[in-house]
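Fold and contact review
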Amino acid sequence: MEEKDVSQIPVTDYAGRLAKSFIYNPLTPILAVFLLAIGYLSLVVMPREEDPQIAISGGTVIVPLPGATPKEADNIIVKPLERKLREISGVEHIYGVATDNAGIINVMYKIGENREDSNLKLYDKVMQNMELLPKGAMQPLIKPFDIDIDVPIVTVAFYLKDSSKLQNTDLFKKVRDIQQKFNEIDNVSKTTLKGEKKEQFNVKVDLYKLSGYHLSLGQIMNALKSLAVNVPDVKNRISDGKIMIFGVKNAITSIEDVGNVIVASYMNSPIYLKDVATVEKSYDIQNYKSAELIMREGDTFSAKKDQITLTVSKLKGTNAVTVSTAVTEKLATFDESLNSAGIGYMVTRNYGTRANEAVNELVHHLMITILIIAVVLVLALGWRESLIVTFTVPAILAITLFIAYLTGQTINRITLFAFLLSLGLLVDAAIIVIENIHRHMHDHSAVDREKSEIMVTATDEIGAPTNIATLAIILTMVPMAFVGGMMGEFMKPIPYNVPVALFASLVVAYIFTPYLANIMLSKPKMHHHEHHFQKDKAEDK
C-alpha cells in the first residue's frame, strides 16, 4: 500500500487526530499484536475465582471471669464494653453474649473498612478501657477474623477403611502430618482440622467413692496437673558456644502410671487415683465436635463413618486454581502411604476447579457472543466491514483485562459479566466509524478523493457525537461504584471495568478502524458518475 501524505487533511476532533496519526504509521500493526498479546497474558496470569472476594472485617473480644454467672457477666463485662466499642468509627453491628465465667462481644465493621486499621482500633479501644473490667477478670482475648482467608477453597475428608486396624487417634496423627505439608504450599494462608480425635488419658471419677474418701475434684485436678508439667531447665553456655539443656522425661507413659498417682492420704494410707476413678487411654471425649461421612453407592448409603476434614484456605488476591491444583497434587503423593495404612479420603470441595470451570464457561460464551455479532454485521454491512468491527472487540477486551490485572483485580463471574454486559456497547463506536466510512466511499465525490482522506475525514466527522454518547453511557455506570453494603462490594467489578472498556472502544475504533478500512476496503466504481463525465466531455468537444 502506497503511503500518502495525510498531514494536510483538516481535522477538528481527537478521533480525526488519532486516525491521521495511525493510518500510515508502521507501528499500528505492532500495536495491534501487542494489545492482543497482553490481553491473552492477562487472561492466563490473572488470579481466577468463582466470586469476587469481599472485604469484611471484625473481631471478637473474650473476657474470662471465673465464677461469674451469665447475668453478672452481662452487667459488668458485656454492657460496659459494648458502650465503649460503639465509639469506634466504622462499626456497623455489635453483638454481646454472656455465658458462665465469660463475657463475649462480637464486633462487625461496615463493608469495605480496612481490615488492619479495624483490628488496631478494636485492640486500642479495649486496652484503653481496662479499668472498666471487674476485679478478678482475666486478660481479654482479642481475636480478629478475616473472611478473605477463613473461607476454605479445598476440603478433604479422611476416614478409616473397614479393613483398617488403626484407631481414630492414629488417623489424627496421619492427617496432622499431611496438614503440615499443606502449610508449606505457596499462597496457602491457613489450614484447619475438623472432627479430629486427639489422644489422651481419660479419667472418669466415681463421685460415690470420692465422697467415701472425703475428697474433692479440686484435689484430683491438682494431683494430675503436677504430672503434666515438663519444662526443661536451661543452663549456661559451654566452652564451644552451645547451650546445655537438662530436661526430665514425662513420668506419665501408661494407664498404670496415671492410676498410681497419689491424690491424698487417709488414715496414714495413700489414696491412689485408681481407687476413686477409672483410667483409660482414648481420645478427647470432652470435645463434642465430630464429623461423619456418609457415602452413596447407587441407591444405597453406607453406614456413617467418623472422618477428619482438612480445610485449606488461600491468601487474598491469589489464584484459587493454582493453589487448589498444588494442594491436590501434594495430596496425591500420600496415596501409597494412606492406602497401606487403610486410610481413605475424598475431596469434598474444590473451589479452584469450580472457579476455573466458571471462568472458562463465561469466556466460551464471550467468544460465542463475538461470533454472533460478526454474523449480524455481515448481514448489515458486508463481510469486510464485519471483520474490521469484529477485530476491535478482542482488542478492547485485551486492554480492559490488562488494566484490570494492573489494578489487582481477579477474573471471576462478576468481572466476566461486566464484559458481557458491555459487549454490545463496545462495537458501537467501531460500527459508527465504519458506517460513516462506507457512506463516504459510496458518495459521488469519493472518485476524486484519496482513500486515506476519506478515512480520516469520515472518522473525524463522527468523533464529537460518538464521544458524547459514550461518555453518557459511562456516566450511567459511575453511580454503581457508590453503592454500599454487601451488594455494592459484590458488583464493584461492573463500574470498574465497563467504563474502561467503553473508553478503550473509542480509542480502538479511532485507531484501527480507519487503518483496516484503508487496507481492506476499496472505492466502488461509480458508473453513474462515469456516464455524466463522458457526457460532459462530449459537450466540450
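Before reading further, recall that the structure is shown in the block above.
Described below are features of the structure shown in this document. In every chain, residue numbers begin from 1 and rise along the written sequence. Where local features are concerned, this predicted model is filtered to residues with pLDDT of at least 70; where side-chain atom pairs are given and counted, the filter is 80 or more; whole-chain, interface and lining totals use all residues. In computing side-chain properties, one takes all heavy atoms of the structure into account and sets aside hydrogens as well as water.

What to know about the overall build of the protein
The criterion, for reference: The secondary structure listing takes helices from DSSP runs of H or I that are at least 4 residues long and strands from runs of E that are at least 2 residues long, numbered from the N terminus. Burial classification: accessible surface area is computed with a 1.4 Å probe over protein chains only, and a residue below 20% of its type maximum counts as buried, one above 50% as exposed, and the rest as partly exposed. Every residue pair with non-hydrogen atoms within 4.5 Å of one another is taken to be in contact. All accessibility values rest on the Shrake-Rupley procedure with a 1.4 Å probe; residue burial counts only the protein chains present in the view.
Helix and strand counts for the protein come out as 20 helices and 17 strands. For the protein, with 541 residues in total, the buried portion stands at 40%. In the protein, the proportion of contacts linking residues at least 24 apart, taken out of those at least 6 apart, comes to 76%. Accessible surface for the protein amounts to roughly 30,300 Å². Of this, 58% is attributable to carbon and sulfur atoms.

Some words on the packing of aromatic side chains
Rules: Only rings of Phe, Tyr and Trp enter the pairing, Trp through its six-membered ring, and a pair is recorded when the two centres are within 6.5 Å. The plane angle decides the type: under 30 degrees is stacked, over 60 is edge-to-face, the rest tilted.
Enumeration according to the criterion identifies 2 aromatic pairs in this entry. Taken together, a centroid distance of 6.0 Å and an interplanar angle of 45° make the contact between Phe-158 and Tyr-345 tilted. Highlighted residues: Phe-158 in strand 5 (residues 154–160) and Tyr-345 in strand 17 (residues 343–350), separated in sequence by 187 residues. For Tyr-345, a relative accessible area of 27% translates into the label partly exposed. Here Phe-391 and Phe-512 contribute two aromatic rings whose centre-to-centre distance is 5.7 Å and whose plane-to-plane angle is 75°, an arrangement assigned as edge-to-face. Of this pair, Phe-391 sits in helix 14 (residues 383–406) while Phe-512 sits in helix 19 (residues 493–520), and the two are 121 residues apart along the sequence. Owing to a relative accessible area of 2%, Phe-512 belongs among the buried residues under this scheme.

Here's the deal with helix 6 (residues 168–183)
Three- or four-residue spacings in an α-helix give side chains the same orientation, since the helix completes a turn every 3.6 residues. Inclusion rule: Expected span of a helix: the number of residues minus one, times 1.5 Å.
The end-to-end C-alpha separation of helix 6 is 23 Å, in line with the 22 Å expected for 16 residues at 1.5 Å each. Listed as buried for helix 6 are Thr-169, Leu-171, Phe-172, Val-175, Ile-178, Gln-179 and Phe-182.

What about the side chain of Ser-118?
Tracing the chain through its elements places Ser-118 in helix 4 (residues 115–128). Among residues more than four places away in sequence, those in contact with Ser-118 are Ser-57, Tyr-109 and Glu-113.

Description of the nonpolar core
Let me state the cut-off plainly: Residues enter a nonpolar core if they are buried and are Ala, Val, Leu, Ile, Met, Phe, Trp, Tyr or Cys, with the set joined through side-chain atoms within 4.5 Å.
Counting residues in hydrophobic clusters, the biggest one holds 64 residues, and the most contacted among them are Leu-397, Leu-423 and Ile-437. Contributions of two or more residues to this core are made by helix 2 (27–45), helix 13 (351–380), helix 14, helix 15 (413–441), helix 16 (451–461), helix 17 (463–477) and helix 19. Of the residues forming this core, the biggest block, 14 residues, is contributed by helix 19. Setting aside its immediate chain neighbours within four residues, Leu-423 contacts Leu-366, Thr-369, Ile-370, Ile-373, Val-393 and Leu-397.

Describing a nonpolar patch on the surface
Selection rule: Note that patches include only residues with greater than 30% relative accessible area and no salt bridge, and the join distances are 9 Å for like charges and 5 Å for nonpolar side chains (Val, Leu, Ile, Met, Phe, Trp, Tyr). What counts as a salt bridge is simple: a side-chain nitrogen of Lys or Arg found within 4 Å of a carboxyl oxygen of Asp or Glu.
Taken together, Tyr-40, Leu-41, Val-44, Val-45, Tyr-405 and Leu-406 make up a surface patch of nonpolar side chains, about 620 Å² in accessible area. Elements that contribute at least two residues to the nonpolar patch include exactly helix 2 and helix 14. The element that contributes the greatest number of residues to the nonpolar patch is helix 2, accounting for 4 residues. Relative to the elements of secondary structure, Tyr-40 occurs in helix 2. The class for Tyr-40 is exposed, based on a relative accessible area of 55%.

Details of the pairing of strand 11 (residues 269–272)
In plain terms, the rule: When DSSP finds at least two bridges between two strands, those strands are taken to pair.
Here strand 10 (residues 262–266) runs beside strand 11; their pairing, made up of 4 bridges, is antiparallel. Directly across from Ser-265, in strand 11, lies its bridge partner Pro-270. Between strand 10 and strand 11, which pair antiparallel one after the other, the connecting turn spans 2 residues, and Met-267 there sits at a positive phi close to 55°.

By themselves these figures say nothing about function.
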